[in-house]
Amino acid sequence: MLGVRTGMGSTLLSVHLASLLQEMQNDERNTRLQSNGKADDSQQGADMVALQERTCLLDLGMPVADGMLYLNVNGNFDFVEGVRNLRRLDRTMLMSAMAHDSTGLSVMALPRDLDQLNNVSHADSLFLVESLRDHFGVMVIDVGGMPNPAFIAGLVRLADETWLVTDQSIAALVSLADILKDFKEDGISPNELSLVVNRYDIQYGMSVLVFP
């Protein structure tokens, strides 16, 4: 989920999407447990939900940790800590170190001190994302306003879907055009992207969208 500029609403959309996906996973799990004559999620508690039945929200947008704020969760195990602990990253560590809300949704944000990002490599950062994807059932990654085009391009190549979030303001549309140009230079086709227009108003004349 990429907001073309800060303030496009990509973080709020990411939080709602991640929460909805977790609810769907919980419903599927409850149905399966009940069909087997076992207690459902509400009786066992969210801490019993396996990682493969959890949604992971990577809260990498700006301002830092807004997604965690919306979810009312706290955690000190941030993205840089995840990169530093790549070799120790297993189910036990993720269950104990990551922030989780009451439904089982797991969250990892950027560090408050963004200078720490200078101490981790681009390759290790992408490898962390791949490792988390192997552990969790679903991942939602918010990179709204993140000023690192190379890393974002790497995420697009890893993702099953990429949503660009914009509105119809002139500044947002200029930023959208710049991002599409950067993606084209990185070999990423518009066919790999989807467009979400926030606060869409038909009177703005934006009646034809150029990609899915």
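Residues numbered from 1 in each chain as written. Predicted model: local features only at pLDDT ≥ 70, side-chain atom pairs only at ≥ 80, totals over all residues. Heavy atoms only, no water.

Student: Break down the sheet that holds strand β7 (residues 194-197) for me, with residues and values.
Tutor: Pairing in this open sheet of 3 strands is parallel, and the strands run β1-β6-β7 from one edge to the other. One side of each edge strand has no neighbouring strand; the edge strands of this open sheet are β1 (2-3) and β7. For β1 and strand β6 (residues 163-166), the ladder comprises 2 bridges, and the chain directions are parallel. Following the sheet pairing, Gly3 is matched in β6 by Val165. (Pairing = 2+ DSSP bridges. Helix = DSSP H or I, 4+ residues; strand = E, 2+ residues; numbered from the N terminus.)

Student: With reference to specific residues and values, describe the packing of aromatic side chains.
Tutor: Applying the stated criterion across every chain yields a total of 1 aromatic pair. Measuring from ring centre to ring centre gives 6.1 Å for Phe79 and Phe151, while their planes differ by 70°; the resulting arrangement is edge-to-face. Within this pair, whereas Phe79 is found in helix α4 (residues 79-84), its partner Phe151 is found in helix α7 (residues 149-158), the two being separated by 72 residues in sequence. Under the relative-accessibility criterion, Phe79 is labelled buried at 2%. (Phe/Tyr/Trp six-rings, centres within 6.5 Å; stacked < 30°, edge-to-face > 60°. Buried < 20%, exposed > 50% of the residue type's maximum accessible area, 1.4 Å probe, protein only.)

Student: Help me get a handle on the side chain of Asp142, residues and values and all.
Tutor: With respect to the helices and strands, Asp142 occurs in strand β5 (residues 138-142). No salt bridge is formed by the buried Asp142; the nearest opposite charge belongs to Arg112, separated by 12 Å. At a separation of 3.0 Å, a polar atom in the side chain of Asp142 contacts the side chain of Ser10. Apart from the residues lying within four places of it in its own chain, the contact partners of Asp142 are Met1, Ser10, Thr11, Ser14, Leu58, Asp59, Leu60 and Gly61. (Lys, Arg positive; Asp, Glu negative; His and termini not counted. Salt bridge = Lys/Arg side-chain N within 4 Å of Asp/Glu carboxyl O. Polar contact = N/O pair within 3.5 Å; in protein donor to acceptor, adjacent residues only side chain to side chain. Contact = heavy atoms within 4.5 Å.)

Student: Outline the layout of surface pockets, supporting the account with residue identities and numerical values.
Tutor: To find leftover empty space, one rolls a probe the size of a water molecule over the atoms. Of the volumes computed, that of the largest pocket is approximately 610 Å³. Residue assignment for the lining of the largest pocket shows that the elements contributing at least two residues are α1 (10-35), α6 (122-135), β5 and α7. Per-class residue counts for the lining of the largest pocket are 17 nonpolar, 2 polar and 3 charged. (1 Å grid on protein atoms, 1.4 Å probe; cavity = no way out; pocket = protein on both sides within 12 Å on 5 of 7 lines; lining within 4 Å. Points joined across faces, edges and corners; volume = space filled by probe spheres on them. Nonpolar A, V, L, I, M, F, W, Y, C, P; charged D, E, K, R; others polar.)

Student: Which residues make up the sheet that holds strand β4 (residues 106-109), and what values go with them?
Tutor: With mixed pairing, 4 strands are arranged side by side in an open sheet as β3-β4-β2-β5. Across the chains shown, the open sheet's two edge strands, defined by having one partner strand only, are β3 (99-100) and β5. Relative to β4, β3 runs antiparallel, the two being bridged by 2 bridges. Bridging across to β4, His100 finds its partner in Ser106. Strands β2 (55-59) and β5 of the sheet are contacted by α1, whose axis makes an angle of about 170° with β5. Contacts between α6 and the sheet are confined to β2, β4 and β5, with β5 contributing the most and set at about 145° to the helix. (Axes fitted to C-alpha atoms, helices over the stretch in contact; angles between N-to-C directions.)

Student: Tell me about the pairing of β6, and name the residues and values.
Tutor: With 4 bridges connecting them, β6 and β7 associate as parallel partners. Within the sheet, the bridge partner assigned to Thr166 lies in β7 and is Val197. For the handedness criterion, the β-α-β arrangement of β6, helix α8 (residues 170-185) and β7 is classed as right-handed. (Right-handed = clockwise from strand over helix to strand, strands pointing away.)

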